[in-house]
Amino acid sequence: MDLVLNRPGNLVGLPAKCMESEGPATDDKAEDKALIARAQKGDARSFDRLVVKYSPRLYGLLYNMTSNHEDANDLMQDVFAKAYRALKGFRGKSSFYTWIHSIGVNMAINFLKKRGRRYAMSLDDLDSSIQNDKEFIELTATSTPVREADLGELQQRLNEAMMKLSHDHRAVVTMFDIQGMPHAEISKILGVSEGTVRSRLFYAHRQLQNFLEEFRKH
């Protein structure tokens, strides 16, 4: 059994419920466009609505990048503050969703580089969310204390493996494997080609597989 990649875009031990973000729908884009237009004219309440709308997604990204609630909250405030200052220059070449996530990723990477150390990926929601995962249910159908201990050790190993990834590779793993973003959306956010996104994911997944190789026998 492959303990790293069971199926495309999902890492074992990562929250399945987070695999849902594929960018805004057409109606959302139209709503965002109207809110942005009003915010650019000085309507602070319209920008506040964008903040409320995108805070959960952005927080998830920042938290999984930093693995720290306080840092994620601080960064999110900085991201929206920067976005508000730059809003008049926003021309709609990309969606607001892509634009705000691009700011978030860049600020998170710069933040981590300044701190000079890497953090464990967020696994706080694992115990509750993974219980609904079909493969997890099948795996633990005959659960024993030994099996449960092995799963706990796997979670710890995965956490340690994520810390060993570079900030750039952690970013693509966070967006693709945890937040469920498609390659095209990630490429827009990072400002790189889809081929580059795929190659970074391939390299990151291979690193994770190597780090967790000993668990492949279980």
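Above this note sits the structure.
Just so it is clear, the model here is predicted, and its values are computed rather than measured.

The rules behind these values
Residues numbered from 1 in each chain as written. Predicted model: local features only at pLDDT ≥ 70, side-chain atom pairs only at ≥ 80, totals over all residues. Heavy atoms only, no water. Salt bridge = Lys/Arg side-chain N within 4 Å of Asp/Glu carboxyl O. Helix = DSSP H or I, 4+ residues; strand = E, 2+ residues; numbered from the N terminus. Buried < 20%, exposed > 50% of the residue type's maximum accessible area, 1.4 Å probe, protein only. Core = buried A, V, L, I, M, F, W, Y, C linked by side-chain atoms within 4.5 Å. Contact = heavy atoms within 4.5 Å. Axes fitted to C-alpha atoms, helices over the stretch in contact; angles between N-to-C directions. Parallel < 35°, antiparallel > 145°, perpendicular 65-115°, else oblique. Left-handed = near helix turned anticlockwise from the far one by under 90°. Nonpolar A, V, L, I, M, F, W, Y, C, P; charged D, E, K, R; others polar. Expected span 1.5 Å × (residues − 1). Bend = angle between axes of the 7 residues up to and from the residue. Polar contact = N/O pair within 3.5 Å; in protein donor to acceptor, adjacent residues only side chain to side chain.

*Asks:* How should the pattern of salt bridges be read in this particular structure?
*Replies:* Side chains carrying opposite charge are able to pair once their charged atoms draw close together. For the structure on display, the rule yields 4 salt bridges. Two residues, Asp32 and Lys53, come together in a salt bridge whose shortest N-O distance is 2.7 Å. Linking Asp32 in helix 1 (residues 26-40) with Lys53 in helix 2 (residues 44-66), this pair joins segments that are 21 residues apart in sequence. Here Lys53 falls in the partly exposed class, since its relative accessible area comes to 25%. When the shortest N-O distance is used, the salt bridge between Arg45 and Asp43 registers 4.0 Å. Owing to a relative accessible area of 66%, Arg45 belongs among the exposed residues under this scheme. Classification of Asp43 as partly exposed rests on a relative accessible area of 24%.

*Asks:* Please clarify how the nonpolar core should be interpreted in this entry.
*Replies:* A general feature of soluble globular proteins is that nonpolar side chains tend to end up buried together. If you look at the biggest cluster of nonpolar residues, it comprises 46 residues, and the most contacted ones within it are Phe47, Leu58, Leu87, Phe96, Val105, Met175 and Ile186. Mapped by element, the contributors of at least two residues to this core are helix 1, helix 2, helix 3 (69-86), helix 4 (96-115), helix 7 (145-163), helix 8 (167-178), helix 9 (183-190) and helix 10 (194-211). Broken down by element, the residue count for this core peaks at 10 residues, all from helix 4. Excluding residues within four positions of it along the chain, Met175 makes contact with Leu61, Val105, Gly180, Met181, Ile186, Ile189 and Leu190.

*Asks:* Is there a simple way to explain the environment of Gly42 in this structure?
*Replies:* Among the structural elements, Gly42 can be located in the loop between helix 1 and helix 2. Residue classification places Gly42 among the exposed residues on the basis of a relative accessible area of 55%.

*Asks:* In this structure, what is going on with the packing of helix 2 against helix 4? I would like to understand it.
*Replies:* Relative placement of two packed helices is described by the angle separating their axes and the distance separating the axes. Put simply, helix 2 and helix 4 touch, their axes get as near as 10 Å, and they point 40 degrees apart. As far as their axial angle goes, helix 4 and helix 2 are oblique. Helix-helix and strand crossings are classified by hand; for helix 2 and helix 4 the assignment is right-handed. Of the residues in helix 4, those touching helix 2 at Phe47, Leu50, Tyr54, Arg57, Leu58, Leu61, Leu62, Met65 and Thr66 are Phe96, Tyr97, Ile100, His101, Gly104, Val105, Ala108, Ile109, Phe111 and Leu112. Grouping the constituent residues of the contact of helix 2 with helix 4 by class yields 15 nonpolar, 3 polar and 1 charged.

*Asks:* Please clarify how helix 2 should be interpreted in this entry.
*Replies:* Helical periodicity: at 3.6 residues per turn, an α-helix aligns residues three or four positions apart in one direction. Taking 1.5 Å per residue as the helical rise, helix 2 with its 23 residues ought to reach 33 Å, whereas the 29 Å between its terminal C-alpha atoms falls clearly short. Of all the bends in helix 2, the largest measures some 50 degrees and sits at Ser55, one to four residues before the proline Pro56. The N-capping residue of helix 2, defined by a side-chain oxygen 3.1 Å from the backbone nitrogen of Arg45, is Asp43. Directly beyond the C-terminal end of helix 2, a positive phi value near 55 degrees is found at Ser67.

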